[in-house]
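Each chain, written out:
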Amino acid sequence: MSALGSLVVKLALEYAQFTQGLNKSEQEALKHAKNVQDTYDKMAAGIKNTAVAVGAAIAGAVSIAGLAAGLAKIREETVNAENEQAQLAAALKSTGESAGFSRDQLNDMASSMEQITTYSAGEVNQAQARLLAYTNIVGDQFPRAIKAAMDMGTRLGTNLNQSMESVAKALDKPSTGMQSLQRQGFKFTETQIEMAKALENAGKLAEAQEIVFAELEVAYGGAAEAARDTLGGALTAVGNTIN
């Protein structure tokens, strides 16, 4: 019996003298009121038990659905990682590791970049595989090109592969790459373009690439790391680490 039911009975006992004078119909009404209260108590208990049972069933269903979704996500991430590594290995083989990095070194580079940007190591691996096809971008220029692509992609809201393609084309042959970047809004002077051509002809490609890097870094430099330092960026980075 609930507290309310107990109170009804207690009041009935304490004031029994008043009920003694009641006629039969009044006493029956009082008895009926007590029965109604007891019935209410039983119904309330039944509803509570049913709610608990239904809640447990729903929780179980949600847990099963969550587990299935989690397993599907793990499978997807595993397949993606295997494909990324396969493409990276294929690009290294076809170019003879001309960029100057092994697969382990590229993976270390990707992990390091994941720590300071919102891009996952897998996304960096994809960009690396794409960049390896441009065999004129080697040594220190290689990670610098990826960073430039990250900054561009972050600022413009494009995916890393798209920005990597734009940066790689501009750096592979700077004199023509500058013209491509001009169509995107960059302003290279004729003097810069002619200087790049002269450096290319003299075999000083890295110096010609410096002209392009300088403009890219003025336009987008630091964008990727700045995005990582926001709340949203930190949450994205945590998600990348979990995945």
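For the structure, see preceding data.
Along each chain, residues carry numbers from 1 onward, in the same order as the chain's sequence is written. Since the coordinates come from a predicted model, pLDDT governs what is reported: local features require at least 70, and pairs of side-chain atoms require 80 or more to be given and counted, while whole-chain, interface and lining totals use all residues. The basis for every side-chain value is the complete set of heavy atoms in the structure, and neither hydrogens nor water enter the calculation.

### A closer look at the nonpolar core
In a soluble, globular protein the nonpolar side chains are often hidden away together inside.
Here comes step 1: Counting 45 residues, the largest nonpolar core has Phe142, Ile146, Val167 and Leu216 as the members making the most contacts within it.
Here comes step 2: Where helices and strands are cited, they refer to DSSP runs of H or I of at least four residues and of E of at least two residues respectively, numbered from the N terminus. At the level of secondary structure, the elements contributing two or more residues to this core comprise helix H3 (24-95), helix H4 (103-116), helix H5 (121-132), helix H6 (141-156), helix H7 (160-172), helix H8 (174-182), helix H9 (190-201) and helix H10 (205-220).
Here comes step 3: Of all the elements, H6 adds the most residues to this core, at seven residues. In these notes, a set of buried Ala, Val, Leu, Ile, Met, Phe, Trp, Tyr and Cys residues joined through side-chain atoms within 4.5 Å is what counts as a nonpolar core. Partly exposed residues are those whose accessible area sits between 20% and 50% of the maximum for their type, while under 20% is buried and over 50% is exposed, using a 1.4 Å probe and protein chains only.

### A look at the packing of aromatic side chains
Here comes step 1: Paired rings are identified among Phe, Tyr and Trp, the last through its six-membered ring, by centres lying within 6.5 Å, and are further divided according to the angle between planes into stacked (under 30 degrees), edge-to-face (over 60) and tilted (the rest). Within this structure, the stated rule accounts for three aromatic pairs.
Here comes step 2: Judged by centre distance (6.3 Å) and plane angle (20 degrees), the ring pair of Phe186 and Phe188 falls under stacked. In this pair, the class of Phe186 matches that of Phe188, namely buried.
Here comes step 3: Three or more aromatic residues joined by ring pairs form one cluster here, namely Phe186, Phe188 and Tyr220.
Here comes step 4: Each ring is checked for a lysine NZ or an arginine CZ that lies within 6 Å of its centre and within 35 degrees of its normal; such an atom marks a charge sitting over the ring. The side chain of Arg144 reaches across the aromatic face of Phe213, ending 4.2 Å from its centre.

### Here we look at the side chain of Gln128
Here comes step 1: Take Gln128: it is sitting in helix H5.
Here comes step 2: On the accessibility criterion, Gln128 (0% relative accessible area) is buried.
Here comes step 3: Contacts are residue-level and defined by heavy atoms, with any inter-residue pair within 4.5 Å sufficient. When sequence neighbours within four positions are dropped, the list of residues in contact with Gln128 reads Leu88, Leu106, Met109, Ala110, Phe142 and Ile146.

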